[in-house]
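Fold and contact review
For reference, the chains in residue letters:
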Amino acid sequence: MRIALKILLITFSFAICTHVSSQEVILVRHAKVNLETGGWMGAKKATVLRKSYDTSPIISFSADSVLNTLPECKTDTIYASSLTRSISTAWMLFGDSAIILSSDIFDEFELNIVHLPLLLPYKGWTSLSRVLWLLGVNKKSKTSYREAKERAGRITDFIEDRLKYNNQVILVTHGFLNRDISKELKRRNWHKIIDNGGKNLGSTVLRK
């Protein structure tokens, strides 16, 4: 009986240590941007809207509702991109409890609208342009997809470096970038706990 109790206590202590020492990365996608993009349009109008997207304000949201879907914030520093939608989202979520640090290394991968003689919804233009960029056909973009993946790798290096000092890192950035960071973390043996980062204010949570 004493031996069984001792084994149980050792197992329980190990579980506690494992929980305390586990590392966590939370990738949050920014809130929805307040920009009217309805209707069918040509490439010229889609290009104007694409540029406006980077400077337009976000739509207000309930911070508590979003935070209730996330693990508890245990870090005093939140990282965001240099774009308005990312910084504003980070401030609404964590501005009262943490320092917000922004950098253009966390900006979304550049997307230039391809110029084709078509009429498409705005979402159609961005989707088509992104696919052609992935295929290496959209030459208007300054950054290739290969270069973008290399940047995601550098960001992942940064995350793992920060984890030497704090067991939790939180980024409030962008959907496509978060997707590639998540892929790189999984390649480095991180485990995805929550996978909801494809929508605005959604999150991807990984632990190791």
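Placed above this text is the structure.
The rules behind each value
- Residues numbered from 1 in each chain as written.
- Predicted model: local features only at pLDDT ≥ 70, side-chain atom pairs only at ≥ 80, totals over all residues.
- Heavy atoms only, no water.
- Helix = DSSP H or I, 4+ residues; strand = E, 2+ residues; numbered from the N terminus.
- Buried < 20%, exposed > 50% of the residue type's maximum accessible area, 1.4 Å probe, protein only.
- Polar contact = N/O pair within 3.5 Å; in protein donor to acceptor, adjacent residues only side chain to side chain.
- 1 Å grid on protein atoms, 1.4 Å probe; cavity = no way out; pocket = protein on both sides within 12 Å on 5 of 7 lines; lining within 4 Å.
- Points joined across faces, edges and corners; volume = space filled by probe spheres on them.
- Nonpolar A, V, L, I, M, F, W, Y, C, P; charged D, E, K, R; others polar.
- Expected span 1.5 Å × (residues − 1).
- Contact = heavy atoms within 4.5 Å.
- Pairing = 2+ DSSP bridges.
- Axes fitted to C-alpha atoms, helices over the stretch in contact; angles between N-to-C directions.
- Salt bridge = Lys/Arg side-chain N within 4 Å of Asp/Glu carboxyl O.

Focus on the side chain of Thr173
Here Thr173 is to be found in strand E6 (residues 168-173). On the basis of relative accessibility, which here comes to 0%, the residue Thr173 falls in the buried class. In this structure the side chain of Thr173 is engaged in a polar contact, spanning 2.5 Å, whose partner is the side chain of Asn178.

Topic: the layout of surface pockets
For the largest pocket, the calculated volume is near 890 Å³. Together, 31 residues line the largest pocket, and Arg29, Tyr53, Glu108, Lys123 and Thr126 are the ones closest to its centre. Taken together, the elements giving at least two residues each to the lining of the largest pocket come down to helix H2 (43-53), helix H5 (122-134), helix H7 (175-187) and strand E7 (191-195). Across the lining of the largest pocket, the residue classes tally to eight nonpolar, 12 polar and 11 charged. The space that makes up the second largest pocket amounts to roughly 310 Å³.

A look at H7
Because each turn of an α-helix spans 3.6 residues, side chains separated by three or four positions end up pointing in the same direction. Here H7 contains 13 residues, and its C-alpha end-to-end distance of 18 Å stays within 8% of the 18 Å for a straight helix at 1.5 Å per residue. Among the residues making up H7, those that are buried are Gly175, Phe176, Leu177, Asn178, Asp180, Ile181, Ser182, Glu184 and Leu185. In this fold, the buried residues of H7 make contact with strand E1 (24-29), H5, helix H6 (145-162), E6, E7 and strand E8 (203-207). Note on H7: the residue one or two positions beyond its end, Asn189, has a positive phi of about 75°.

What about the sheet that holds strand E4 (residues 99-102)?
Pairing within the open sheet is mixed, and its six strands lie in the order E4-E3-E6-E1-E8-E7. Each having just a single partner strand, E4 and E7 make up the two edges of the open sheet. Pairs of neighbouring strands in the sheet enclose a mean axial angle of 20°, with direction left out of account.

What to know about unusual backbone geometry
The phi angle at Asn189 is positive, at roughly 75°, despite the residue not being glycine. Looking at where Asn189 falls in the secondary structure, it is placed in the loop between H7 and E7.

Some words on the pattern of salt bridges
For the structure shown, the criterion picks out 12 salt bridges. For Glu160, the salt bridge identified is with Arg188, shortest N-O distance 3.0 Å. One end of the pair, Glu160, is in helix H6; the other, Arg188, is in the loop between H7 and E7, and 28 residues separate them in sequence. With a relative accessible area of 23%, Glu160 lands in the partly exposed category. With relative accessibility at 17%, the residue Arg188 sits in the buried group. A salt bridge links Arg187 to Glu184; its shortest N-O distance comes to 2.6 Å.

With respect to the environment of Gly136
Within the secondary structure layout, Gly136 lies in the loop between H5 and H6. On the basis of relative accessibility, which here comes to 35%, the residue Gly136 falls in the partly exposed class. Residues Gly136 and Arg146 lie 10 residues apart in sequence; the distance between their C-alpha atoms is 9.1 Å.

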